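Residue-level structure breakdown
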There are 2 protein chains.
Amino acid sequence: MKARVNCVGVGVLDLIYRVDKLPIGDGKMITEDRREVGGGMAANAAVTVARLGGASQWFGRLGQDELGDRILTGIAAEGVGVEGVRRVANVISSHSIVLVDDAGHRLILIYRPHELPADPAWMDPAKLCDCDALMADIRWPEGAAHALRAARAHGLPGVLDADVADPASYPAPVALASHAIFSHPGLQRATGCDGVEEALRQMATRTDAFLAVTLGEHGVAWLDGDAVRYLDPVKVAAVDTLGAGDVFHGAFTLALAEGRAVEAALGFANTAAALKCSRPGGRDGIPSRAEVERRFSELNTAG
Amino acid sequence: MKARVNCVGVGVLDLIYRVDKLPIGDGKMITEDRREVGGGMAANAAVTVARLGGASQWFGRLGQDELGDRILTGIAAEGVGVEGVRRVANVISSHSIVLVDDAGHRLILIYRPHELPADPAWMDPAKLCDCDALMADIRWPEGAAHALRAARAHGLPGVLDADVADPASYPAPVALASHAIFSHPGLQRATGCDGVEEALRQMATRTDAFLAVTLGEHGVAWLDGDAVRYLDPVKVAAVDTLGAGDVFHGAFTLALAEGRAVEAALGFANTAAALKCSRPGGRDGIPSRAEVERRFSELNTAG
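All of these numbers come straight from a predicted model, not from anything done at the bench.

1. Quick notes on the overall build of chain A
Within chain A, the secondary structure is distributed over 10 helices and 14 strands. Overall, the C-alpha framework of chain A stretches about 55 × 45 × 40 Å when taken along its three principal axes. Here chain A holds 303 residues, and the buried ones make up 57% of them. Residue pairs in contact within chain A that sit at least 24 positions apart in sequence constitute 63% of those at least 6 positions apart. Element-wise, carbon and sulfur atoms account for 51% of the exposed surface of chain A, whose accessible area totals about 12,200 Å².

2. Thoughts on the state of the cysteines
Following the criterion strictly, the structure yields 0 disulfides over all chains and no others. In this model Cys131(A) remains outside any disulfide bridge; the closest cysteine sulfur is found in Cys129(A), 6.0 Å from its own.

3. Brief notes about the packing of helix H1 (residues 41–51) of chain A against helix H8 (residues 244–257) of chain A
Residue and element names in this part refer to chain A. Relative orientation of the contacting elements H1 and H8 amounts to 50°, with a least axis distance of 8 Å. Compared by their axis directions, H1 and H8 come out oblique. Pair H1 / H8 crosses with right-handed handedness. Of the residues in H8, those in contact with Met 41, Asn 44, Ala 45, Thr 48 and Val 49 of H1 are Asp 246, Val 247, Gly 250, Ala 251 and Leu 254. Taken together, the residues of the contact of H1 with H8 sort by class into 6 nonpolar, 3 polar and 1 charged.

4. Considering the environment of Ile97(A)
Residue placement: Ile97(A) occurs in strand E7 (residues 95–101). For Ile97(A) and Ile108(A), which are 11 residues apart along the polypeptide, the C-alpha to C-alpha distance reads 5.8 Å. What Ile97(A) contacts, discounting residues up to four positions off in sequence, is Leu15(A), Tyr17(A), Leu107(A), Ile108(A), Leu109(A), Tyr17(B) and Ile97(B).

5. Section: the pairing of strand E10 (residues 158–162) of chain A
Residues and elements named next belong to chain A. Along E10, 5 of the 5 residues are buried, which leaves the element largely enclosed by surrounding structure. Alternating positions in E10 separate into two faces, Gly 158, Leu 160 and Ala 162 on one and Val 159 and Asp 161 on the other, with burial throughout. When strand E9 (residues 133–137) meets E10, the two strands line up parallel, connected through 4 bridges. Bridging from a neighbouring strand, Leu 134 pairs with Gly 158 of E10. Each parallel crossover has a hand, and for E9 linked through helix H4 (residues 141–154) to E10 it is right-handed. Looking at chain direction, E10 and strand E11 (residues 179–183) are connected through 4 bridges and run parallel. Considered in E11, the bridge of Ala 162 is made with Phe 182. For the handedness criterion, the β-α-β arrangement of E10, helix H5 (residues 171–176) and E11 is classed as right-handed.

6. Overview of the sheet that holds strand E2 (residues 12–19) of chain B
Pairing in this open sheet of 5 strands is mixed, and the strands run E3(A)-E8(B)-E7(B)-E2(B)-E4(B) from one edge to the other. Each edge of the open sheet carries a strand with a single partner, namely strand E3 (27–31) of chain A together with strand E4 (34–39) of chain B. Averaged over all adjacent pairs, the angle separating strand axes in this sheet is 20°, with direction ignored. Here E2(B) runs beside strand E7 (residues 95–101) of chain B; their pairing, made up of 7 bridges, is parallel. What sits directly across from Ile16(B), in E7(B), is Val98(B). Against the sheet, helix H2 (residues 66–76) of chain B contacts E2, E4 and E7 of chain B, and its axis sits at roughly 100° relative to E2(B).

7. Considerations on the sheet that holds strand E1 (residues 4–8) of chain B
Remark on secondary structure: sheet strands pair via backbone hydrogen bonds, oriented parallel or antiparallel. Residues and elements named next belong to chain B. Sheet architecture is open: 9 strands sit in the order E6-E5-E1-E9-E10-E11-E12-E13-E14, paired in mixed fashion. Single-partner strands in this sheet number two, and they are strand E6 (85–88) and strand E14 (227–231). Averaged over all pairs of adjacent strands, the angle between their axes in this sheet comes to 20°, without regard to strand direction.

8. Digging into the packing of aromatic side chains
Residues and elements named next belong to chain A. For the coordinates displayed, the defined rule picks out 12 aromatic pairs over all chains. A ring pair is formed by Phe 248 and Phe 252, whose centres lie 6.4 Å apart and whose planes are at 15°; its orientation type is stacked. Placement of both Phe 248 and Phe 252 in helix H8 is noted, with a separation of 4 residues, approximately one turn of the helix. As far as burial versus exposure is concerned, Phe 248 and Phe 252 are alike and both buried. Aromatic pair Phe 268 and Phe 296: ring centres 6.1 Å apart, planes at 75°, arrangement edge-to-face.

9. Focus on the relation of the copies chain B and chain A
When chain B is fitted to chain A, the residual RMSD is 0.1 Å, and the transformation amounts to a turn of 179° plus an axial shift of 0.0 Å. With respect to symmetry, the two chain copies, as superposed, fit the operation of a two-fold axis. A share of 100% of interface residues in chain B that are also interface residues in chain A marks the association as one of identical surfaces.

10. Quick word on helix H8 (residues 244–257) of chain B
Residue and element names in this part refer to chain B. Its 14 residues give H8 an end-to-end C-alpha distance of 20 Å, which sits within 8% of 20 Å, the value for a rise of 1.5 Å per residue. Taking burial as the measure, the 14 residues of H8 include 13 buried ones, the bulk of the element. Directly beyond the C-terminal end of H8, a positive phi value near 90° is found at Gly 259.

Reading the values: the criteria
- Residues numbered from 1 in each chain as written.
- Chains lettered and ligands numbered in written order.
- Predicted model: local features only at pLDDT ≥ 70, side-chain atom pairs only at ≥ 80, totals over all residues.
- Heavy atoms only, no water.
- Helix = DSSP H or I, 4+ residues; strand = E, 2+ residues; numbered from the N terminus.
- Buried < 20%, exposed > 50% of the residue type's maximum accessible area, 1.4 Å probe, protein only.
- Contact = heavy atoms within 4.5 Å.
- Areas by Shrake-Rupley, 256 points an atom, 1.4 Å probe, with all protein chains shown as cover.
- Disulfide = S-S within 2.5 Å.
- Axes fitted to C-alpha atoms, helices over the stretch in contact; angles between N-to-C directions.
- Parallel < 35°, antiparallel > 145°, perpendicular 65-115°, else oblique.
- Left-handed = near helix turned anticlockwise from the far one by under 90°.
- Nonpolar A, V, L, I, M, F, W, Y, C, P; charged D, E, K, R; others polar.
- Pairing = 2+ DSSP bridges.
- Right-handed = clockwise from strand over helix to strand, strands pointing away.
- Phe/Tyr/Trp six-rings, centres within 6.5 Å; stacked < 30°, edge-to-face > 60°.
- Least-squares fit on C-alpha atoms with pLDDT ≥ 70 in both.
- Expected span 1.5 Å × (residues − 1).

Right, dumping it as structure tokens:
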């Protein structure tokens, strides 16, 4: 039996245009090189679960447009269940314009349609909780709070991906999560505090959730009672960190769904995210289960 | 009876995203402010003809996608005939990404799908020439050559909008046009020559077309036998030059279709383009016939 993970939040399309050179300020460029890649925190987490051998569903909102069609098709093609997706008429789906030049510079414009209804009441708690663990991202805070409340009521692990968002987005989902894992900029935004240890301790006064923060090439820090503990980074030659946070949260939630202890789940997720960074592309670079297990067992043997 | 103008070439959608501040080099921005405006040289010329009281049709190529649907709807809503449009499956229609910041800086990325078939043979010469004058833009050089050849065979005025393009694009359409009107950068690109008078004379060795070049705030220069003559600019407080060249070519071709002499047609077009520059927006800023006639007659009275 595959472990089952439901993922609630954002799914987007990255529209990537390659140009010779990004202009400085004003400018005009022409290109024939355009490609589309699926992205979005919860959608990528759901794809990660599927790649890593779990069963996943994505719950989120899309416009009833061609962009939305292509977002949905891309996610479904990875074997992710998409029955819990709501389409909204007369909305241009969330997308990012990514301009990449030959020197590797990137200019990213994120478009969020303000017409997407925030109200998550259409998501049936019983369906959300028909799984072994749930994750939700901070970019749809009302959806995350609704889903994490349901998970708590059903006694399921409820993981919050707490990346950068409006500071007002954090309190409700963080209080309801069983595990809130921040990015470093997300933790700074949520607490107004630069120091990792101080910020984690401050956050602990607001929630009973397990608290951790991903630190990129510096590994992961988490709160163990009053102590802040650290997990070493997995050494890779990083070529592209795009989507690494999404992979971390998908892998972490899957590990909990499979019954791993939290420290082992952190190690598994840390390994999956590092392998993702060793290859180009966001969703394209998500590793397989066999790759993660091999690297993870090497690390544990070495350790 | 309305004079009839057929316009052959490019129709696009400008996707305009407003951001606080354009980044320099790498960067990440977020916005909820997105709007769409129709554009494209031949499509805007056809809209200009309709606004100025003529009857116009647009001949061009679009993807069979939602962007293409919206381009077509926008043009048809102006009263332009769109039966001569070919839709192509599995192609993302031509569009431009325009990032505008609060200081008025613009970063423009033009996307041209290379999958649009260049071959213009599907355009029936008899249909193309069922009009009083024809215009074509340089951005689809094969289409322009085909249309201008047909106009020449039918004894119709055939106007080329010779803006910036690949240097290899110019020879065939320029040789076939009855009137080739360049932008200054277009003339430089076509001849490799910076000086206006030298470039016009060089161009005259390659075509029997009437030759002119629009010089923005410096008016228009044209070749009258061996002499280069100048038309004064129409004084306006320019706020937005977007689409001014398209308006010039639409108005100029309409004037020829109505039987005006070439010098009067230049004056009419010069006035229409200047009025367009006095107001914001590309297609939105195209003036009405009454506005152009009033200003044009004031100028002629004053002169």
